[in-house]
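# Tertiary structure, described
Single-letter residue listing:
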Amino acid sequence: MIRTLLVDDEITGLNTLRYLLEKNCPQIEILETCQDPQQVKTSISRLKPDLVFMDIAMPGKSGLEVIRELPSIDFEIIFVTAHIEYTIQAFKFSAVDYLLKPVDELSLIDAVSRAEAKIKAGQLNKNLETLIYNLHQQKKTNDLKICIPSIKGFQIIQIGDIICCEAENSYTTFHLVNQQKIVASKTLLEYEMLLEEQQFIRVHKSFLVNLQHVREYKHGDGGKILLSNGLEIEVSRRKKEVFLSQMKGIYKL
């Protein structure tokens, strides 16, 4: 059984989450519910849960502030949050589990399954600092950090340091500034979906490019671009107009 604490200042939120967990997740044992963020530290110390569902927006003290005040975190966390675009972006970049209100049953089951796997593997909350950092960056895209799962574990890098991403079968190679490379254990399509609103564009089936690192464009059937690291990449014919349009939008060409 996964010993679990539920934290939410609203009783309706707690009751709904309890109902959904009891209905869909038999591996969950609910130890206690907590409405007062000031009491969470005491409850965690007393109960020693394996998993905590933590509401983000609470009066007086946010869920993230509560977490930052804990002396240590030896349990898994699933955050519960309203749909605020920048907050969701920060969670996705940080690879930290979250649920949107109102909580969807399938999303809840998936989140609990991931938490269960992390608890069993002893891989707890390695990305919390990245999440907290991103949430404090307002909307400074280049200053945001992204957690990249690699063959050896994971690495945290700044978005602005990514020059391009290259497809390698079911893996993705990140080309970074200073000639660094990271091989990520996710597909290029997944990173395209994650970064498409951050001035990244898929110019070719094998390349996702950070437009901030484009240094030159050469005309042709689709054309070619020269990146800041000296790498030259072909632009596919069907991506040419989209690429040029986005470049004009950024640099007012």
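Anything mentioned here points back to the structure above.
The following paragraphs examine the structure supplied in this document. Remember, it's a predicted structure, so these values are computed and weren't measured experimentally.

## Focus: the pattern of salt bridges
Scanning the model with the defined rule gives 14 salt bridges in all. A salt bridge links E116 to K120; the shortest N-O distance between them is 3.5 Å. One end of the pair, E116, and the other, K120, are both in helix α5 (residues 105-121), four residues apart, so they sit about a helical turn from each other. Among the ionic pairs, R202 bridges to E192, the shortest N-O distance being 2.7 Å. In this pair, R202 sits in strand β11 (residues 200-204) while E192 sits in helix α7 (residues 188-195), placing the two residues 10 residues apart along the sequence. By the burial criterion, R202 is buried, and E192 matches it. Overlapping salt bridges, with partners in common, bring together E76, D97, R114 and K118 in one network.

## A look at the sheet that holds strand β14 (residues 224-227)
The sheet built from three strands is open, its strands ordered β13-β14-β15 with antiparallel pairing. Edge positions in the sheet fall to β13 (214-218) and β15 (232-234), since each of these pairs with one other strand and no more. Shown here is a sheet whose adjacent strand axes are inclined to one another by a mean of 25 degrees, direction ignored. By the bridge criterion, four bridges tie β13 to β14 in an arrangement that is antiparallel. Paired with K218 across the strands is K224, a residue of β14. Those strands touched by helix α8 (residues 240-251) are β13 and β14, and its axis lies near 135 degrees from that of β13.

## A few points about the side chain of H175
You can see H175 is positioned in strand β9 (residues 171-176). Taking the relative accessible area as the measure of exposure, H175 reaches 7% and is therefore buried.

## Let's talk about the state of the cysteines
Applying the stated criterion across every chain yields a total of zero disulfides. C164 takes part in no disulfide bond, and the closest cysteine sulfur, belonging to C165, lies 6.7 Å away.

## With respect to the sheet that holds strand β1 (residues 2-7)
Taken in spatial order, the five strands of this open sheet run β2-β1-β3-β4-β5, and their pairing is parallel. Here the strands that pair on one side only, and so sit at the sheet edges, are β2 (28-34) and β5 (98-100). Geometrically, the sheet is characterised by an average inter-axis angle of 20 degrees between neighbouring strands, direction not taken into account. Bridge count for strand β4 (residues 76-81) against β5 is three bridges, and the pairing is parallel. Looking across to β5, one finds that F79 is bridged to Y98.

## Observations concerning α5
Relative to the 24 Å expected for 17 residues at 1.5 Å per residue, α5 spans 24 Å between its end C-alpha atoms, a close match to the ideal helical length. Taken together, the buried positions of α5 are occupied by L108, A111, V112 and A115. All buried residues of α5 fall inside an arc of 100 degrees around its axis, so they share one side. Along α5, exposed side chains directed more than 90 degrees from the buried face belong to L106 and K120. Elements that come into contact with the buried residues of α5 comprise α1 (11-24), β2, β3 (51-55), β4 and β5. For α5, the N-terminal cap is D104; the gap from its side-chain oxygen to the backbone nitrogen of L106 is 3.2 Å. Following α5 by one or two positions, G122 adopts a phi angle in the positive range, close to 70 degrees.

## Side note on the pairing of β14
Burial along β14 is one-sided: I225 and L227 are buried, while K224 and L226, pointing the other way, are not. Where β13 hands over to β14, the hairpin turn is made up of five residues, of which G223 adopts a positive phi near 100 degrees. In this structure, β14 lies alongside β15, joined through three bridges in antiparallel fashion. Bridging across to β15, K224 finds its partner in E234. Where β14 folds back onto β15 in an antiparallel hairpin, the turn is made up of four residues, including G230, whose phi is positive at roughly 90 degrees.

Rules used throughout
Residues numbered from 1 in each chain as written. Predicted model: local features only at pLDDT ≥ 70, side-chain atom pairs only at ≥ 80, totals over all residues. Heavy atoms only, no water. Salt bridge = Lys/Arg side-chain N within 4 Å of Asp/Glu carboxyl O. Helix = DSSP H or I, 4+ residues; strand = E, 2+ residues; numbered from the N terminus. Buried < 20%, exposed > 50% of the residue type's maximum accessible area, 1.4 Å probe, protein only. Pairing = 2+ DSSP bridges. Axes fitted to C-alpha atoms, helices over the stretch in contact; angles between N-to-C directions. Contact = heavy atoms within 4.5 Å. Disulfide = S-S within 2.5 Å. Expected span 1.5 Å × (residues − 1). Arc of directions from axis to C-beta. Polar contact = N/O pair within 3.5 Å; in protein donor to acceptor, adjacent residues only side chain to side chain.

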